[in-house]
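Listed here are the chains, written in short residue letters.
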There are 2 protein chains.
Amino acid sequence: MALPNIDVTPIGGLRSIEEGRHVVVRGWVYRKRVLKNKVFLVIRDSSGIVQIVFSGGLAEEASRLNIESAVYVGGTVKREERAPGGVEIQADSILWKFVGEQFPINEDAAEADSELLLDLRHLWVRSRKMQAVLKIRSTIFSAVHEYFRSNGFYEVQAPTFISAAVEGGSTLFSLDYFGTPAYLTQSAQFYLEALIYSLEKVYTIAPSFRAERSRTRRHLTEFWHAEMEMAWAGLRDVMKVGEGVISRAVERVLQDNLEELSIIGRKTEYLERIKPPFPMVSYDEAIEILRNKGVQLKWGDDIGADEERVLTLQFDKPIHLHHFPEAVKAFYHKNDPQRPETTLSVDVLAPEGYGEVIGGGERIENYDELVSKIRKFGLEPSNYGWYLDLRRFGSVQHAGFGLGMDRLVMWICGLDHVRDALPFPRDMRRIRP
Amino acid sequence: MALPNIDVTPIGGLRSIEEGRHVVVRGWVYRKRVLKNKVFLVIRDSSGIVQIVFSGGLAEEASRLNIESAVYVGGTVKREERAPGGVEIQADSILWKFVGEQFPINEDAAEADSELLLDLRHLWVRSRKMQAVLKIRSTIFSAVHEYFRSNGFYEVQAPTFISAAVEGGSTLFSLDYFGTPAYLTQSAQFYLEALIYSLEKVYTIAPSFRAERSRTRRHLTEFWHAEMEMAWAGLRDVMKVGEGVISRAVERVLQDNLEELSIIGRKTEYLERIKPPFPMVSYDEAIEILRNKGVQLKWGDDIGADEERVLTLQFDKPIHLHHFPEAVKAFYHKNDPQRPETTLSVDVLAPEGYGEVIGGGERIENYDELVSKIRKFGLEPSNYGWYLDLRRFGSVQHAGFGLGMDRLVMWICGLDHVRDALPFPRDMRRIRP
Ligand SMILES: [Mg+2]
Ligand SMILES: [Mg+2]
């Protein structure tokens, strides 16, 4: 049946429409309550929900609409303090309907069974909570683009198919590429490093892939990765851009998504304090803080997810955790000339126990230094031919970072699991829907 | 050697600086000319090029800088009509330098050898031409985001790893996913269709993958795909959004990239006329036009790249080629109830022979109709379980399209080959750098 050719009012816009006005709304049945002579349907569209009251002959027609049926309804706007959005609609016509089958998810009951919700993800994305997270996610992506562009970065794209690993091969997905082995990218970094010699400041937002055998709260096999690289830059610049982009994302969410934050129960006070500068904590200081909290690490140990959790619970802002020991950071990190056992590296850890959202730092720009570091890490310089080339022609000091977009969404939304930060998550056991 | 801690002037900003002012610029040696007592270096950064004159003792130091060496140079601004950008700099100091090895690309000679330039792509991206294309590409990506967002679309992300094919399996890349077979996505469409029931209007820009055995001027194995899907929408909406997004991209390039267009020799007159509405040409009319041009197609034949070329040479704007026969469009295209042998489909073809940049249309929203179309196409409905589910609960009329971002860049830049529209192209024979 063809859709009615008629103007509709977005449900989110009803609150500004005067009492008594006639409107048409369209959407899906979200809640249903049948009384003797009246039917109350809560209808949702992408902009909000509204209660619609059906009486008389219409009540019977409305009572046959299942949850998630689609409808066009005409009616009159009425102020109603107790209703969501402060208005309800007194229906006078159902202009179009699609009556669905019995919807397989009961929203309240479903919360308990996360596997079911993952199996039915193609339907669960309709839930108020997922809808809210997806809107916040859209804002965050927009804010990250906006931050980079307004700071003079060009957007670029690096390939997904690569012929060699960036950081070593253990977590690479491999495939047959017309008869030769190929891998899926873990990071655009090397390509961005090539591009700074053309555009100086570049960024990209694209999927990266890690064949992670672990199923943790913060790992996905495919994740959205915002990466940037800047010529003529160092560790401090990475920190500045890192806190800038995170602060911009939070600021935009507070501007555009107060309603969505309230739907998912995220307290804005956790977000309102996220403003630059972020505290700087050296690796040495972090070890000390952790010791005082009873976590015994010796100098040189990596700071993993558990330690990050303890550490970040001490702060109410993200922190710059900097100057990691050489051995815990990938070979391309530049050693600090002032203290060569450490690197000019920084992770930005989100507060409230969330941990790493950004990893970056200054890159080695000297050819010989890079070759000997590759060897020191047990890797083979000849596998890094074109990457080494960048150090042979006009090499300049440069730095960059990678930002896990899904983790950023997870933290800003206060989610328990990264998989709820995106619509169709992938881990080692899940590849559908 | 540490970089000088000193303010620099972007080269592109020199034209607005008054004669006689002292400035420091930094960049890479782009051209070099050594006279008896003077050395002329053209220095490039991401914003432009400038000629710098070195005399006296500095001339000797400057003469030792190879092409693509990196430098900080201090000097005085001088008007010079004949110089690029209208100014030159009289150098008084070289504050920092990195002297490179002999650069392996001679820009003029290289144009002849496209394989060499693809092998050295990590260095060739520094060329003026690639730099210009990459800046235009960055503008186009920004414009596409901006168009969708300012028209009420939410940005979403669909998975790369999928368990079944969208349009049939012949050009799918497959891989081993923790012991089960998986594929790389060819399109986010099905996922976007799921998401319209939450967000109504959604878009994404992400890589898609096609294991194309053909090496043509317009095919890549991995390409950037802008896709959108709208609830409550039909064929006309797809046309409107399609011409809107393309026109916005062209408009923004004309606003921001006149210099880059001139560097790559792209005449703006080809772009200035790209404004909505675009002409609508039905499949039937196209067959007629082609026959008049001597291309004999019978009704039902697909319109391929060669035919698109002939057809689009007749227009100076993109065209909406609509109402393709059922058999040449994928199963999910809705047949036109008025003329069931055709579909509510549209391709947007770029002019000047470029051809298809957008393909889209209305989708089948009825469960039974979709099942029987799947069967009619020799496919197995049970492979489309969750996609069929979308028709069981609140299904509504909807439509969408896919836009090849690399092809859009190719046409806007007037390039001969799509591989020159992105920094690191992939085809069946090339996976590096
Ligand atoms: Mg870490
Ligand atoms: Mg076609």
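Values in this document were obtained by computation on a predicted structure and should not be read as measured data.

(A) Highlighting the interface of chain B and chain A. At the junction of the two partners, chain B supplies 89 residues and chain A supplies 89 residues. The contact between chain B and chain A buries some 8,000 Å² in all, and 63% of this surface belongs to carbon and sulfur atoms. If you look at where chain B meets chain A, you find two salt bridges. Notably, a salt bridge pairs Glu101(A) with Arg392(B), separated by 2.8 Å at the nearest N-O pair. Seen at the junction of chain B and chain A, the total is 39 residue pairs in polar contact (both at pLDDT 80 or more). With nine residues, helix H5 (residues 128-150) of chain B is the largest single contributor of residues to the side of chain B that touches chain A.

(B) Summary view of unusual backbone geometry. Note the cis peptide between Pro276(A) and Pro277(A), where omega equals -5°. Cis peptide bonds are those with omega within 30 degrees of zero, and the linkage from Arg432(B) to Pro433(B) qualifies with 0°. Here Pro433(B) is to be found in the segment after helix H14 (405-413). In this model, Phe178(B) sits at a positive phi of 50°, which is unusual for a non-glycine residue. Its location among the elements puts Phe178(B) in the loop between strand S8 (174-177) and strand S9 (180-184). What makes Phe178(B) buried here is its relative accessible area of 19%.

(C) Fine view of the packing of helix H5 (residues 128-150) of chain A against H5(B). Across the interface, H5(A) lies against H5(B) with an axial gap of 12 Å and an inter-helix angle of 145°. Along this stretch, H5(A) crosses H5(B), giving a crossing that reads as left-handed. Packed against H5(A), whose contacting residues are Ser138(A), Phe141(A), Ser142(A), His145(A) and Arg149(A), the element H5(B) presents Ser138(B), Phe141(B), Ser142(B), His145(B) and Arg149(B) at the interface.

(D) The arrangement of the domain arrangement of chain A in detail. All names here are of chain A. When its domains are assigned, chain A resolves into domain 1 (11-98) and domain 2 (121-421). Just the C-alpha atoms count here: the centres of domain 1 and domain 2 sit 45 Å apart. Residue-level contacts link nine residues of domain 1 with five residues of domain 2. For the pair domain 1 and domain 2, the two sides together bury roughly 590 Å², of which 38% comes from carbon and sulfur. Arg126 is paired through a salt bridge with Glu68; the nearest N and O atoms lie 2.9 Å apart.

(E) Here's a closer look at the packing of helix H7 (residues 235-256) of chain B against H14(B). Residues and elements named next belong to chain B. The geometry of H7 relative to H14 is characterised by a closest axis approach of 11 Å and an angle of 50° between their N-to-C directions. For the element pair H7 / H14, the angle class is oblique. Our pair here, H7 against H14, has a crossing hand that is right-handed. Residue-level contacts link Ile246, Ala249, Val250 and Val253 of H7 to Leu408, Trp411 and Ile412 of H14.

(F) Local environment of the pairing of strand S5 (residues 87-98) of chain B. Residue and element names in this part refer to chain B. In this structure, strand S3 (residues 48-55) lies alongside S5, joined through three bridges in parallel fashion. When the sheet's bridge partners are listed, Ile52 is paired in S5 with Ile89. As paired strands, strand S4 (residues 70-79) and S5 are joined by 10 bridges and run antiparallel to one another. Following the sheet pairing, Thr76 is matched in S5 by Gln90.

Calculation criteria
Residues numbered from 1 in each chain as written. Chains lettered and ligands numbered in written order. Predicted model: local features only at pLDDT ≥ 70, side-chain atom pairs only at ≥ 80, totals over all residues. Heavy atoms only, no water. Contact = heavy atoms within 4.5 Å. Buried area = accessible area lost by both parts, 1.4 Å probe. Salt bridge = Lys/Arg side-chain N within 4 Å of Asp/Glu carboxyl O. Polar contact = N/O pair within 3.5 Å; in protein donor to acceptor, adjacent residues only side chain to side chain. Helix = DSSP H or I, 4+ residues; strand = E, 2+ residues; numbered from the N terminus. Buried < 20%, exposed > 50% of the residue type's maximum accessible area, 1.4 Å probe, protein only. Axes fitted to C-alpha atoms, helices over the stretch in contact; angles between N-to-C directions. Left-handed = near helix turned anticlockwise from the far one by under 90°. Domains from an automatic or database assignment. Parallel < 35°, antiparallel > 145°, perpendicular 65-115°, else oblique. Pairing = 2+ DSSP bridges.

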